[in-house]
Amino acid sequence: MKFLLICLFLIYATNAAVIPKEKEELGRQLLALCSAEVGISEDKVMTLRDGNFDNVDGEVKCVIECGFKKTGFMTADGVFQPDFTISAISMSGVDSPKAPEAVNKCKDETGSGNCEKAFNIFSCMFREFGPIF
């Protein structure tokens with residue numbers, strides 16, 4: 001269930017039209033939870049849907065980090081888990097040969113902290129994998 005939530009969160013945050021309605025709600029719940037924890041509106045995170053990652057502030061980056069950590073894509077101490085991420089994407093129903101390639105290409109992204117690191121991995125995978133990620 002954990003892996004499904006993050007995939008749905010990422011898909012929902014970028015392009016909800018590609019997931020079934022019943023799964024969309026799970027992604028929305030995780031987005032709401034992480035947005036509340038960080039203290040920002042969900043609408044602020046939803047600006048990522050168009051793929052424009054310019055001028056994204058630290059709060060939005062921390063929502064991505066929250067989602068990564070709550071679902072196991074990133075450990076509590078900020079270590080990205082590429083094998084788990086690939087497995088989770090596959091099990092979520094996203095069937096694309098580009099997914100493992102995108103994760104492996106982006107797994108070494110860094111940042112000045114865990115929020116930035118998670119966001120950099122997220123935006124890299126979005127660029128590599130496409131708008132459904």
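Attention in this report is confined to the structure presented alongside it.

About the cut-offs
Residues numbered from 1 in each chain as written. Predicted model: local features only at pLDDT ≥ 70, side-chain atom pairs only at ≥ 80, totals over all residues. Heavy atoms only, no water. Disulfide = S-S within 2.5 Å. Helix = DSSP H or I, 4+ residues; strand = E, 2+ residues; numbered from the N terminus. Buried < 20%, exposed > 50% of the residue type's maximum accessible area, 1.4 Å probe, protein only. Axes fitted to C-alpha atoms, helices over the stretch in contact; angles between N-to-C directions. Parallel < 35°, antiparallel > 145°, perpendicular 65-115°, else oblique. Left-handed = near helix turned anticlockwise from the far one by under 90°. Contact = heavy atoms within 4.5 Å. Expected span 1.5 Å × (residues − 1). Core = buried A, V, L, I, M, F, W, Y, C linked by side-chain atoms within 4.5 Å. Phe/Tyr/Trp six-rings, centres within 6.5 Å; stacked < 30°, edge-to-face > 60°.

### Comments concerning the state of the cysteines
Consideration 1: Using the criterion set out here, one finds three disulfides in the structure.
Consideration 2: Linked covalently through their sulfurs, Cys 34 and Cys 66 form a disulfide whose S-S length is 2.2 Å. Its S-S torsion of about -75° marks the bond between Cys 34 and Cys 66 as left-handed, since a negative value means left-handed. Here Cys 34, found in helix α2 (residues 21-38), pairs with Cys 66, found in helix α4 (residues 58-71); they are 32 residues apart in sequence, far enough to count as distant. As far as the burial class goes, Cys 34 and Cys 66 line up, both buried.
Consideration 3: Disulfide partner of Cys 106: Cys 124, at an S-S distance of 2.0 Å. Since a negative S-S torsion denotes a left-handed disulfide, the Cys 106-Cys 124 link at about -75° is left-handed. Residue Cys 106 is located in helix α6 (residues 98-106), and its partner Cys 124 is located in helix α7 (residues 114-129); the two are separated by 18 residues in the primary sequence.

### Re the packing of helix α5 (residues 82-91) against α6
Consideration 1: As a packed pair, α5 and α6 sit with axes 10 Å apart at the nearest point and diverge in direction by 155°. Judged by the inter-axis angle, α5 sits roughly antiparallel to α6. Crossing angle aside, the handedness with which α5 passes α6 is right-handed. Side by side, α5 and α6 meet where Pro 82, Thr 85, Ile 86 and Ile 89 of the first sit next to Ala 99, Pro 100, Val 103 and Asn 104 of the second.

### Some words on α7
It helps to recall that an α-helix has 3.6 residues per turn; residues three or four apart then point in one direction.
Consideration 1: For α7, spanning 16 residues, the distance from its first C-alpha to its last is 22 Å, which sits close to the expected 22 Å at 1.5 Å a residue.
Consideration 2: Within α7, twelve of the 16 residues are buried, leaving the element largely enclosed by the surrounding structure.
Consideration 3: Residues Cys 115, Lys 117, Ala 118, Phe 119, Asn 120, Ile 121, Phe 122, Ser 123, Cys 124, Met 125, Phe 126 and Phe 129 constitute the buried set of α7.

### Focus on the nonpolar core
Consideration 1: With 32 residues, the main nonpolar core has Leu 48 and Phe 68 as its most contacted residues.
Consideration 2: When contributions to this core are tallied by element, the ones reaching two or more residues are α2, α3 (42-46), α4, α5, α6 and α7.
Consideration 3: Ranked by residues supplied to this core, first place goes to α7 with eight residues.

### Quick notes on the packing of aromatic side chains
Consideration 1: In the structure shown here, the tally under the stated rule is seven aromatic pairs.
Consideration 2: With a centroid separation of 6.1 Å and an interplanar angle of 75°, the aromatic rings of Phe 73 and Phe 84 are classed as edge-to-face. Of this pair, Phe 73 sits in the loop between α4 and α5 while Phe 84 is found in helix α5, placing the two residues eleven residues apart along the sequence.
Consideration 3: On the accessibility criterion, Phe 73 (0% relative accessible area) is buried.
Consideration 4: One aromatic cluster in this structure is built from Phe 53, Phe 119, Phe 122 and Phe 126.

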